Amino acid sequence: MSIEGLVNPHIRDLTPYSPGKPIEEVERELGIRGSVKLASNENPLGPSPRALEALGNCTSEVHRYPDGSCFALRERLAARMGLAPDQFVFGSGADEVLELLAKTFLSPGDRVVMPWPSFAMYPLVARGMGAEPILVPLTDAMEHDFPALAKAVGEGAKMVMLCNPNNPTGTSFGAGALADFVSGIPSDVVLVIDEAYFEFVRRTDFPDSLALIAERPATIVLRTFSKIYGLAGLRVGYGISDPELIGYLDRARHPFNVNNLAEAAALAALDDDEHARRTREMNASGIEYLSRELGNLGYRVWPTDANFVLVETGAGYYDALLRRGVIVRPMAGFGLSNHIRISVGTAEENQALVKALQAIEEGGGAAAGGAS
Ligand SMILES: Cc1ncc(COP(=O)(O)O)c(C=O)c1O
């Protein structure tokens, strides 16, 4: 009997998402300790202390099913953003909201337009429904190529993904670019604006994508508690859209997709403005430090509005850093084998990375094995 023959062809042909290497795995493989992980755009300060306290207060309730509607979190976010509570859908990470969008809107053969390189889950969720991802290359400045995206949308797309700031480049686009793009695409194409790194953004003309929802209901904005709120391991993300669109996503959602610990921690983290402020500050100074030091080493550092930087080092640096116990994200899978993506860490972690790169260069660069 062949199991392969039983599997949906569009699932059989998927290449699974490849996450950043866990620290434990690297240390086991290399027989080292004290390695540094700057690979998954997590919060180097850890979770908000308020979130930890909230977690401690609700563990005794884990025998209960969670509140499937995330009532408290929904009300709190709606009040913060000046939106209606029925404009939110919650997921086990923004990843699950992407899955819900695919399940709700995509059928085999549908075309889904997306910038590339961008978040690796976009083509995966599209392919998982038998839809066709249309990858539109970024410009030479590593930015969304809006004329090319609009052209591809005009060729019969069902959905278009935008990622602002874009992962893995860190580049962002402003309000003017989004307004022009939106005015040139049909209103019945589902527009997904992924703002997973929204809270780190520093550009002043960042689009008010939430305002777009009222004008253009087939628009959904994605946010997450995994990044600035430091809750990646608990898995809470959400989508904000028109109530009717949200209602359809809710039909596709399984009833208890966000657990009660995750909701309690998210609520507490949301109110911890001090933790968010410290995170933002640490990130901004980390970007300044890394841009300067990596520039001094002769690498090209792309401008970033997120909590990571894309760096053109030359080939072989992912492995060379790994051998020195520094885990970054390789970019070969995006066709950028001369680049690495570095998540901004604590000041000590950033220094450890720079020291490792300096040592590699002193040893003649990654191609020479960096053996100094
Ligand atoms: C652009 C982008 N969107 C969505 C996600 C998924 O976030 P979550 O942890 O909420 O599933 C990530 C995670 O890295 C991301 O980079």
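Residues numbered from 1 in each chain as written. Predicted model: local features only at pLDDT ≥ 70, side-chain atom pairs only at ≥ 80, totals over all residues. Heavy atoms only, no water.

Chemist: For this particular structure, what's the right way to read unusual backbone geometry?
Modeler: A negative phi holds for most residues other than glycine; trans holds for most peptide bonds. Of note, the amide linkage connecting Asn164 to Pro165 takes the cis form, showing an omega dihedral of -5 degrees. Assignment of secondary structure puts Pro165 in the loop between β5 (157-163) and α8 (175-183). Even without a glycine there, the phi angle at Asn41 is positive, about 55 degrees. Topologically, Asn41 is positioned in the loop between β1 (36-37) and α3 (49-58). Residue Asn41 is classed as buried on the basis of its relative accessible area of 1%. Its identity as a non-glycine residue notwithstanding, Met142 has a phi of 60 degrees, on the positive side. Here Met142 is to be found in the loop between β4 (132-137) and α7 (146-154). Given a relative accessible area of 9%, Met142 falls into the buried group. (Helix = DSSP H or I, 4+ residues; strand = E, 2+ residues; numbered from the N terminus. Buried < 20%, exposed > 50% of the residue type's maximum accessible area, 1.4 Å probe, protein only.)

Chemist: Can you walk me through the packing of aromatic side chains in this structure?
Modeler: Two aromatic rings are characterised by how far apart their centres lie and by the angle between their planes. On inspection of all chains with the given rule, the structure shows 13 aromatic pairs. Judged by centre distance (5.9 Å) and plane angle (35 degrees), the ring pair of Phe90 and Tyr238 falls under tilted. Linking Phe90 in strand β2 (residues 88-91) with Tyr238 in strand β8 (residues 237-241), this pair joins segments that are 148 residues apart in sequence. Measuring from ring centre to ring centre gives 5.7 Å for Phe225 and Tyr238, while their planes differ by 40 degrees; the resulting arrangement is tilted. A residue pair is termed long-range when its members are at least 10 positions apart, and Phe225 in the loop between β7 (219-224) and β8 and Tyr238 in strand β8 qualify at 13 residues. (Phe/Tyr/Trp six-rings, centres within 6.5 Å; stacked < 30°, edge-to-face > 60°.)

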